[in-house]
Amino acid sequence: MKQKIAHIALTVKDYDEAIKFYTEKLNFRLLEDTKLTDDKRWVLVTPPGAEECSLLLAKAANDKQIASVGNQTGGRVFLFLYTDDFWRDYHSMLNQNINFIRPPKEEAYGLVAVFEDLYGNLWDLLQPSDYNT
């Protein structure tokens, strides 16, 4: 049997501001932006070089969903962005005014720093010690 996670839904306030953040600040690729209804779109973004999993940007549609924007995991790191060159991406993100809430640190598993996205979701930027490109 073979399975994979294809998409991870990320609740956002606005499609266009989220697309702009991910494509312009994090250099993600916009894979798809399809209008489904007057209020709903199918929006997929992915980091450069990613082949399997993408983010599905899902606009919050009710009060409960709006309350979860930026806090989908209760304040824990939510997503893990692996890189083949930590310092290249770290400096690029600093130049894009990405807010790092934990500075770079060498851990047993690799080099890591924690940043937040435009809504406050926490991400690890991580170059694992054994990362193969």
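Residues numbered from 1 in each chain as written. Predicted model: local features only at pLDDT ≥ 70, side-chain atom pairs only at ≥ 80, totals over all residues. Heavy atoms only, no water.

Comments concerning the overall build of the protein chain
At step 1: When you go through the protein chain residue by residue, the secondary structure sums to three helices and eight strands.
At step 2: Start at the N end of the protein chain and walk to the C end: the helices and strands fall as β-α-β-β-β-α-β-α-β-β-β.
At step 3: In terms of overall size, the protein chain behaves like a compact globule, its C-alpha atoms giving a radius of gyration of 15 Å where 133 residues would be expected to give roughly 14 Å.
At step 4: Considered along the principal axes of its C-alpha atoms, the protein chain spans approximately 45 × 35 × 30 Å. (Helix = DSSP H or I, 4+ residues; strand = E, 2+ residues; numbered from the N terminus. Rg over C-alpha atoms; globule rule 2.2 N^0.38 Å.)

So, the sheet that holds strand β2 (residues 29–35)
Where strands meet in a sheet, backbone hydrogen bonds hold them as pairs that are either parallel or antiparallel.
At step 1: The strand order across the open sheet built from four strands is β1-β4-β3-β2, with neighbouring strands paired in mixed fashion. Here the strands that pair on one side only, and so sit at the sheet edges, are β1 (7–12) and β2. Across this sheet, the average inter-strand angle for adjacent strands is 25 degrees, counted without regard to direction.
At step 2: Bridge count for β1 against strand β4 (residues 54–59) is six bridges, and the pairing is parallel. (Pairing = 2+ DSSP bridges. Axes fitted to C-alpha atoms, helices over the stretch in contact; angles between N-to-C directions.)

Quick word on unusual backbone geometry
At step 1: The backbone of Asn 27 sits at a positive phi, close to 65 degrees, despite the residue not being glycine.
At step 2: Among the secondary structure elements, Asn 27 is positioned in the loop between α1 (15–25) and β2.
At step 3: The backbone of Asn 97 shows a phi angle near 65 degrees, a positive value even though the residue is not glycine.
At step 4: Inspection of the secondary structure puts Asn 97 in the loop between α3 (86–95) and β6 (99–107).

A closer look at the UniProt feature "domain: VOC" (unreviewed entry) in the protein chain
At step 1: Per the UniProt record, "domain: VOC" (unreviewed entry) is annotated on residues 4–128.
At step 2: When the span residues 4–128 is considered, its composition is 22% helix and 43% strand, and the gap between its end C-alpha atoms is 21 Å. (UniProt positions renumbered as here; feature names shortened; annotations may be inferred.)

Here's the deal with α3
At step 1: Turning to α3, its buried residues number three or more, namely Phe 86, Asp 89, Tyr 90 and Met 93. Along α3, the residues classed as buried sweep out an arc of 100 degrees about the axis, all on the same side.
At step 2: In this structure, the buried side of α3 is in contact with β6, β7 (110–116) and β8 (122–128).
At step 3: Trailing α3 by a residue or two, Asn 97 shows a phi angle of about 65 degrees, which is positive. (Buried < 20%, exposed > 50% of the residue type's maximum accessible area, 1.4 Å probe, protein only. Arc of directions from axis to C-beta. Contact = heavy atoms within 4.5 Å.)

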